[in-house]
Amino acid sequence: MKKVLTMLLTGFILMSCSAAHNTKVKDKIVKEYGTPNDPKRKVVVKTRSEINKENTPVVEKKTTKPTNPLLDKEEFKNSNSETLIATSKVNVSKNTIEDYVDLYAEAAMQSMKTYGIPASIKLAQGILESGSGNGTLCRTANNHFGIKCKDEWTGETVAHTDDAPNECFRKYSSAMESYNDHSEFLAHRVYYKDLFSLDKSDYTAWAKGLKKAGYATDPKYPSKLIGIIERYRLYEYDQKVLNSKDYTPVVRTQEQQQPVFTPTKEHLYTVQSGDTLFAISQKFNAPVDRIKLLNNLKSNSLNVGQTIKIQ
């Protein structure tokens, strides 16, 4: 009998022990590795929840970039430079732009008082067009605003490639001469007259108005100006002028709104970059239909360098 019991016990042990097997103990899983006599035998006890967690595949969460419209401004705060593209493509640091603003802010505010051009707009145009003072045209000709020669210009000139090779640009003896001429250029040309009826604190409307009047051909010109104004808080200079006790709003007379140049009979005009048929008609006080008739134009499209009759 004793021998039978020993054989039964041995058989039970052999059935319960294997190279690796699982046994449920209440809510736990027991895993044994190795035989009972194996010195490397290991017993691991885990709960079902732990086992399930181990077998659950890990899914890596993807982060999405916020679509916050202020994101560009936040990214800009963490960067040290930006690229300005107008008459030249220039990479400049934030410090360079801030230095430019410090240098010309007073001139911009004085222009606002005298001519009614928002200081923010003037500074933003200067920063963009001159590459914050580092662009080729600015360095060679003191031209801070990318102003081309036009018919009425009698001063020095310089050739510079912009929309076309070797275009004629105005050359100045100093930065201040460039700043003053920019004010005169906007104030005394009839196709910019609508700008001066805009709110002086509405830099967005001024930026869009400049593009509409033909100041630049770049479709992103308004957004570039607005971006510079907002990143560098240039609108604060507008508020300084508007809130100053000595500021008197500029009232322009009808005479001041007339174009400087009056064409002679059968005057020929060469189309410049940024010109539109409407702008040319306003500049020379000649109806659009009359210009189209004189030149056999079927549409309002013009080409840079094209010569047309005015009257």
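Everything quoted here is computed from the prediction, not taken from an experiment. (Residues numbered from 1 in each chain as written. Predicted model: local features only at pLDDT ≥ 70, side-chain atom pairs only at ≥ 80, totals over all residues. Heavy atoms only, no water.)

> Help me out: how do you make sense of the pattern of salt bridges in this one?
Working definition: two side chains of opposite charge can pair if their charged atoms are close together. Under the counting rule described, the total for this entry stands at six salt bridges. Between Glu167 and Lys148 there is a salt bridge, with the nearest N and O atoms lying 2.8 Å from each other. In this pair, Glu167 sits in strand β7 (residues 167-170) while Lys148 sits in the loop between α6 (136-141) and β6 (157-160), placing the two residues 19 residues apart along the sequence. Each of the two residues, Glu167 as well as Lys148, counts as buried. (Salt bridge = Lys/Arg side-chain N within 4 Å of Asp/Glu carboxyl O. Helix = DSSP H or I, 4+ residues; strand = E, 2+ residues; numbered from the N terminus. Buried < 20%, exposed > 50% of the residue type's maximum accessible area, 1.4 Å probe, protein only.)

> Would you take a moment to explain the layout of surface pockets for this structure?
Using a probe with the size of a water molecule, rolled over the atoms, empty space left in the structure can be pinpointed. Size it by volume and the largest pocket reaches roughly 360 Å³. Looking at the largest pocket, it is lined by 25 residues, and the ones nearest its centre are Gly146, Asp162, Tyr215, Ala216 and Thr217. Taken together, the residues that form the lining of the largest pocket break down as 12 nonpolar, six polar and seven charged. (1 Å grid on protein atoms, 1.4 Å probe; cavity = no way out; pocket = protein on both sides within 12 Å on 5 of 7 lines; lining within 4 Å. Points joined across faces, edges and corners; volume = space filled by probe spheres on them. Nonpolar A, V, L, I, M, F, W, Y, C, P; charged D, E, K, R; others polar.)

> I keep staring at the nonpolar core and nothing clicks. Help me out?
A general feature of soluble globular proteins is that nonpolar side chains tend to end up buried together. The biggest cluster of nonpolar side chains holds 53 residues, and the ones touching the most others in it are Leu123, Tyr192, Tyr215 and Leu234. Elements supplying a minimum of two residues to this core: β5 (89-93), α4 (94-115), α5 (119-130), α7 (175-187), α8 (203-212), α9 (221-231) and α10 (235-243). Top contributing element to this core by residue count: α4, with 10 residues. When neighbours within four sequence positions are excluded, Leu123 is seen to be in contact with Tyr100, Val101, Tyr104, Ala105, Ala108, Tyr179, Leu234 and Tyr237. One finds Val271, Leu277, Ile291 and Leu302 within the second-largest nonpolar core, a separate group that totals 11 residues. (Core = buried A, V, L, I, M, F, W, Y, C linked by side-chain atoms within 4.5 Å. Contact = heavy atoms within 4.5 Å.)

> What's the story with unusual backbone geometry in this structure? I'm lost.
Across residues other than glycine, the phi torsion is negative in most instances, and most of the peptide bonds are trans. Here Asn142, not a glycine, exhibits a phi torsion of approximately 55 degrees, which is positive. Along the chain, the position of Asn142 falls in the loop between α6 and β6. Accessibility expressed as a relative area gives 25% for Asn142, which makes it partly exposed. Positioned with a positive phi, Asn296 is a non-glycine residue whose angle comes to about 55 degrees.

> Can you help me understand the state of the cysteines in this one?
Linking two cysteines covalently via their sulfur atoms produces the bond known as a disulfide. On inspection of all chains with the given rule, the structure shows one disulfide. Paired by a disulfide, Cys149 and Cys168 hold their sulfur atoms 1.8 Å apart. A torsion of -80 degrees about the S-S bond marks the disulfide between Cys149 and Cys168 as left-handed. You can see Cys149 sitting in the loop between α6 and β6 and its partner Cys168 sitting in strand β7, a full 19 residues away along the chain. (Disulfide = S-S within 2.5 Å.)

> It is not clear to me how the pairing of strand β4 (residues 81-85) should be interpreted in this structure. Could you clarify?
A regular strand places its side chains so that they alternate between the two faces of the sheet. Burial along β4 is one-sided: the face carrying Glu82 and Leu84 is buried and the face carrying Ser81, Thr83 and Ile85 is not. As paired strands, β4 and β5 are joined by five bridges and run antiparallel to one another. Counterpart to Ile85 in the pairing with β5 is Lys89. (Pairing = 2+ DSSP bridges.)

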